Amino acid sequence: MFDAVFTNLPYLLGGFLTNVQLAAFALAGGLFLGALVGLGRISKRPWVYHPVTLYVNFLRNIPLILVIFWVYFVMPILTGRSMDPFISAAVSFVVFEATYFGEIFRAGFQTISRDLVSAAYSTGLTYRQTAAHILVPIAFRRMLPSLITQSIITFQDTSLAYVIGLQEMVRRTTIVDSIEVRSIQLYSFVAILFFVICFIGSRISLHYEEKSRKAKVL
Amino acid sequence: MLAYKFDWGVLWRQPYGEWLLQGLWMTIQVGALAWVIAFILGLLFGTLRASTWWPLRFIGALYVEVFRNIPFLVQLFFWFYAGPMLFGKTLQFKINSISGLHYYVAVVALGLYTASRVAEHVRAGFASIGHGQYDAVLSTGMTHLQMYWYVIVPHALRLIIPPLTTEFLTIFKNSAVAMTIGVAETTFMSYKIDEQTFHGLEATTGAMAIYLVLGMTVVKLMNLIETKYRIPGLVTR
Amino acid sequence: MIEIKNVSKWFGDFQVLVDIDEVVERGQKVVICGPSGSGKSTLLRCVNGLEPYQKGEILVDGVSLSDPKTNLYKLREKIGMVFQRFELYPHLTVMRNITLAPMKVRKQSRPAAEKKAMALLERVGIPDKAAAYPANLSGGQQQRVAIARALAMEPDCMMFDEPTSALDPEMIQEVLEVMIGLAKDGMTMLVVTHEMGFAREVADEIIFMDAGRIVERGSGDEFFKNPKSQRTKDFLGQILK
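What you see is a predicted model, and the numbers here were worked out from it, not measured in a lab. (Residues numbered from 1 in each chain as written. Chains lettered and ligands numbered in written order. Predicted model: local features only at pLDDT ≥ 70, side-chain atom pairs only at ≥ 80, totals over all residues. Heavy atoms only, no water.)

Observations concerning the overall build of chain A
Regarding its fold elements, chain A presents 10 helices and 0 strands. For chain A, the succession of helices and strands along the chain, N to C, is α-α-α-α-α-α-α-α-α-α. Projected onto its principal axes, the C-alpha positions of chain A cover 70 × 50 × 25 Å. Relative to its 218 residues, chain A shows a buried fraction of 55%. By sequence separation, contacts in chain A at least 24 residues apart represent 77% of the contacts at least 6 residues apart. As displayed, chain A offers around 9,800 Å² of accessible surface, 67% of which is attributable to carbon and sulfur atoms. (Helix = DSSP H or I, 4+ residues; strand = E, 2+ residues; numbered from the N terminus. Buried < 20%, exposed > 50% of the residue type's maximum accessible area, 1.4 Å probe, protein only. Contact = heavy atoms within 4.5 Å. Areas by Shrake-Rupley, 256 points an atom, 1.4 Å probe, with all protein chains shown as cover.)

Comments concerning the overall build of chain B
Helix and strand counts for chain B come out as 10 helices and 0 strands. Traced from its N-terminal end to its C-terminal end, chain B shows the element sequence α-α-α-α-α-α-α-α-α-α. Relative to all contacts within chain B whose residues are 6 or more apart in sequence, the contacts with residues 24 or more apart total 76%. With an accessible surface of roughly 12,300 Å², chain B has 69% of that area assigned to carbon and sulfur atoms. Once the 16 positive and 11 negative side-chain charges of chain B are each reduced to a mean point, those two points are 7 Å apart. (Lys, Arg positive; Asp, Glu negative; His and termini not counted. Charge placed at Lys NZ, Arg CZ, Asp CG, Glu CD.)

Some words on the interface of chain A and chain B
The partner chain B presents 35 residues to the 36 residues of chain A that form the contact. Between chain A and chain B lies a buried interface of about 3,300 Å² when both sides are counted; carbon and sulfur atoms form 78% of it. It is N61, F73 and I77 of chain A in chain A that bury the most area against chain B; as a group they hold 19% of the surface buried on that side. Where chain A touches chain B, the interface holds 1 salt bridge. Between the two partners, chain A and chain B, sit 5 residue pairs in polar contact (both at pLDDT 80 or more). (Buried area = accessible area lost by both parts, 1.4 Å probe. Salt bridge = Lys/Arg side-chain N within 4 Å of Asp/Glu carboxyl O. Polar contact = N/O pair within 3.5 Å; in protein donor to acceptor, adjacent residues only side chain to side chain.)

Details of the sheet that holds strand β4 (residues 55-60) of chain C
Residue and element names in this part refer to chain C. The strand order across the open sheet built from 4 strands is β2-β1-β4-β5, with neighbouring strands paired in antiparallel fashion. The sheet is open, and its two edges are formed by β2 (14-24) and β5 (63-64), each paired on a single side. Here β4 pairs with β5 via 2 bridges, running antiparallel. Residue pairing in the sheet places L59 in a bridge with S64 of β5. (Pairing = 2+ DSSP bridges.)

Observations concerning empty space enclosed by the protein
The gaps of empty space that remain are located by a probe, the size of a water molecule, rolled over the atoms. Evaluated as defined, the whole model comprises 4 cavities of 30 Å³ or more. Approximately 50 Å³ is the volume found for the second largest cavity. If you trace the second largest cavity, you find it lined by R60 and N61 of chain A together with L169, F172, K173, Y211, L214 and G215 of chain B. Elements supplying a minimum of two residues to the lining of the second largest cavity: α8 (161-174) and α10 (200-228) of chain B. Of the residues assigned to the lining of the second largest cavity, the class counts are 4 nonpolar, 2 polar and 2 charged. (1 Å grid on protein atoms, 1.4 Å probe; cavity = no way out; pocket = protein on both sides within 12 Å on 5 of 7 lines; lining within 4 Å. Points joined across faces, edges and corners; volume = space filled by probe spheres on them. Nonpolar A, V, L, I, M, F, W, Y, C, P; charged D, E, K, R; others polar.)

Points about the packing of helix α1 (residues 16-49) of chain B against α10 of chain B
Residues and elements named next belong to chain B. It is at 11 Å that the axes of α1 and α10 come closest, and there the two elements cross at 40°. One finds that α1 runs oblique with respect to α10. Of the two possible hands of crossing, α1 and α10 adopt the one that is right-handed. Packed against α1, whose contacting residues are L20, L24, T27 and I28, the element α10 presents I210, Y211 and L214 at the interface. Residues of the contact of α1 with α10, tallied by class, amount to 6 nonpolar, 1 polar and no charged. (Axes fitted to C-alpha atoms, helices over the stretch in contact; angles between N-to-C directions. Parallel < 35°, antiparallel > 145°, perpendicular 65-115°, else oblique. Left-handed = near helix turned anticlockwise from the far one by under 90°.)

What about helix α9 (residues 230-239) of chain C?
All names here are of chain C. For α9, the complete set of buried residues consists of T232, F235 and L236. Along α9, the residues classed as buried sweep out an arc of 95° about the axis, all on the same side. Taken together, the buried residues of α9 touch β3 (29-33), α7 (196-202), β9 (205-210), β10 (213-218) and α8 (220-225). (Arc of directions from axis to C-beta.)

Some remarks on the layout of surface pockets
Approximately 1,100 Å³ is the volume found for the second largest pocket. Looking at the second largest pocket, it is lined by 30 residues, and the ones nearest its centre are I42, K44, V117, Y121 and Y127 of chain A.

Side note on the pairing of strand β8 (residues 188-192) of chain C
Residues in a regular strand point their side chains to alternate faces of the sheet. Residues and elements named next belong to chain C. Extensive coverage of β8 is indicated by the burial of 5 of its 5 residues. Residue alternation in β8 divides its side chains into two sets, T188, L190 and V192 and M189 and V191, and both sets are buried. Judged from the 4 bridges that link them, β3 and β8 form a sheet pairing that is parallel. Directly across from I32, in β8, lies its bridge partner V192. With 5 bridges joining them, strand β7 (residues 157-161) and β8 adopt parallel strand pairing.

Considerations on the nonpolar core
Residues L22 of chain A together with L76, F126, I171 and I181 of chain B are the most contacted members of the largest nonpolar core, which totals 100 residues. The residues touching F126 of chain B, leaving out its near neighbours within four places in the chain, are G46, T47, A50, Y134, Y148, I152, V153 and A156 of chain B. Judged by nonpolar contacts, the second largest core, of 55 residues, contains M143 and L147 of chain A together with M81 and M153 of chain C. (Core = buried A, V, L, I, M, F, W, Y, C linked by side-chain atoms within 4.5 Å.)

Observations regarding the pairing of strand β1 (residues 2-11) of chain C
All names here are of chain C. Bridge analysis of β1 against β2 gives 7 bridges, and the strand direction is antiparallel. Its bridge partner lying in β2, W10 is registered against Q15. As judged from the 5 bridges shared by β1 and β4, these two strands associate in the antiparallel manner. Paired with E3 across the two strands is L59, which belongs to β4.

Description of the confidence of the model for chain B
Taken residue by residue, chain B gives an average pLDDT of 86. The fraction at 70 or more is 96%. The ipTM for the predicted assembly is 0.88, set against a pTM of 0.81. (pLDDT = per-residue confidence, 0-100.)

Details of the sheet that holds β9 of chain C
Residues and elements named next belong to chain C. The strand order across the open sheet formed by 6 strands is β6-β7-β8-β3-β9-β10, and the pairing between neighbours is mixed. Edge positions in the sheet fall to β6 (79-82) and β10, since each of these pairs with one other strand and no more. Taking each pair of neighbouring strands and ignoring which way they run, the sheet shows an average axis angle of 20°. The sheet contact formed by β9 and β10 spans 5 bridges and is antiparallel. What sits directly across from D210, in β10, is R213. Lying on the sheet, helix α1 (residues 40-47) is in contact with β3, β6, β7, β8 and β9; it crosses β7 at an angle near 150°. Sitting on the sheet, α9 touches β3, β9 and β10, and the angle it makes with β9 is about 100°.

Looking at the interface of chain A and chain C
Much of the literature gives interface size as the accessible area that the parts lose upon coming together. Chain A puts 23 residues into the contact, and the matching count from chain C is 24 residues. Taken over both partners, the interface formed by chain A and chain C buries close to 2,000 Å², and the fraction arising from carbon and sulfur atoms is 64%. When the buried area of chain A at its contact with chain C is split by residue, S122, T123 and H133 of chain A rank highest and sum to 27% of it. There are 2 salt bridges connecting chain A and chain C. Summed over the shared surface of chain A and chain C, the number is 6 residue pairs in polar contact (both at pLDDT 80 or more). Elements supplying a minimum of two residues to the side of chain A that touches chain C: α6 (114-122) and α7 (127-142) of chain A. Along the lines of polarity and charge, the residues of the side of chain A that touches chain C split into 11 nonpolar, 8 polar and 4 charged.

Next comes the structure, spelled out in structure tokens:
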């Protein structure tokens, strides 16, 4: 029944691998930048707080697909060379998803008592050391369920790189479909594949939520 | 960087400026119609999810999990490319020759997808209503259906206006994905301008401004609704 | 070692410290008491630069806190602080809680820092808890770890902000014993507390603060036997019941 899928399996899965790679880059960059954005959003220094807030509020009003286009148009102008779709997509994702990770980190930071930060300072740690060793690790652990949920969304979003021609799963599916015209099989396959990954991911997130609720350690 | 000549006039020169505005109108239409579907279905499935009878809960959960865990783009392509085939060979050709098919498919697909998210918010709204309220209503002799219709649902709806605002904003953003099947909305138009003029940077920047304005308008609108239906004494923020 | 000269602080329009004058010599133990909201915690926070002050001057070993050239981080290495709610880092073991600052700020090696940490844990009486997480410890144990953490930076002075107020009664004594031990070893101490027994035994000077002002100060017995101001008398009457 899924014969069109099986004959093209390596090709399709190669595309899926691209989604995974793109997601990996997006998560690594997005989490790192997101932690910084979160710190910026709780900063008391206006020259940090306002630009970061502007950046977050701006990007949250705009469709990701438009950001992907915009970066795709802007990068050749900045670098003077034509742009590899993967790099362009990776940059778009890091910049975009960092706003969502940033808000999650911010919420996490705000659960950390002011006195805990004071305790760290009173042993002589600098802001950077406190942020790196105390704020970020604690917020990360506390917000793990939300971070996992957002990561799943990011993984789903990688399908949008389709629009700049990236050879990821959806584009390869449409290419195969134009030859084989076995649309139901092919699109069901990609849907099921995403479903399984994301469903497992959401179960993991629920598991951590239950675990942290029971332990109440952190 | 300076090898590129900026041409911001592209945004208001005819016909390009008009294209963008037409795109905006399409974005609004698609988003608003999909929202109607999403709201009704989301209310339905969210209520199912909160039901005490497990078969109903299961149906609700099934819907939400399926539509939440598949990327919207994939769903859209499924309905558009594979959907007509589900009706068999004869109907398939009839469906595919409907003019404006992509428009209808986009609205329905977006509605179905967003409904799963609305359902989750509805369920959360029900969950945050204390158990005592259910008992209190039932003890006055109302049936379950009456209880939901007259007390629980109105209460829950007011509670979830903030997250629903977010979903309403999101639906306009997700409408941009419909450009991939040819729906002539804002993002589609900005891409089309690039095809014609090679000034995609200016066009997409203009599109960004349009989405910003749209977003702010939606938030203002929802704030008005929230103020009108506010529950006195309830601290939400 | 610490000089507080005519310091005033405002939170917006509200004046939380009013013309505070105090000198703490090396080796001295000063206890501050008073009703909640009197500014005691705020004063402590000003001394190690966690809070700024608008008027007056605070000098630590001759260095002014309000001088923009002053490196507040270096200054905080000299003054250790213990908090009411212990504030241990929940995601790190006891050992790591203590060794974090020495390793990152003083760049000590791990073996050296851990050796020092174990010695401190012995001193506060719980060497066996080195590998435990804060959540596994009782309140009294956590506070003792907090003291060890502050001592790890070898401060010249230790400040305590109501260290026993969040503890169950049966655990207060174990913490006070550690503090008395510190006092006997000659540590300069600035302690905000309601534990008058401790104050009687250890304090060279007791200060009573109310509404941001120092209302009365005296040495040990004199303070308790002959309080001069009525407010002091009322307050002591409440506490010493």
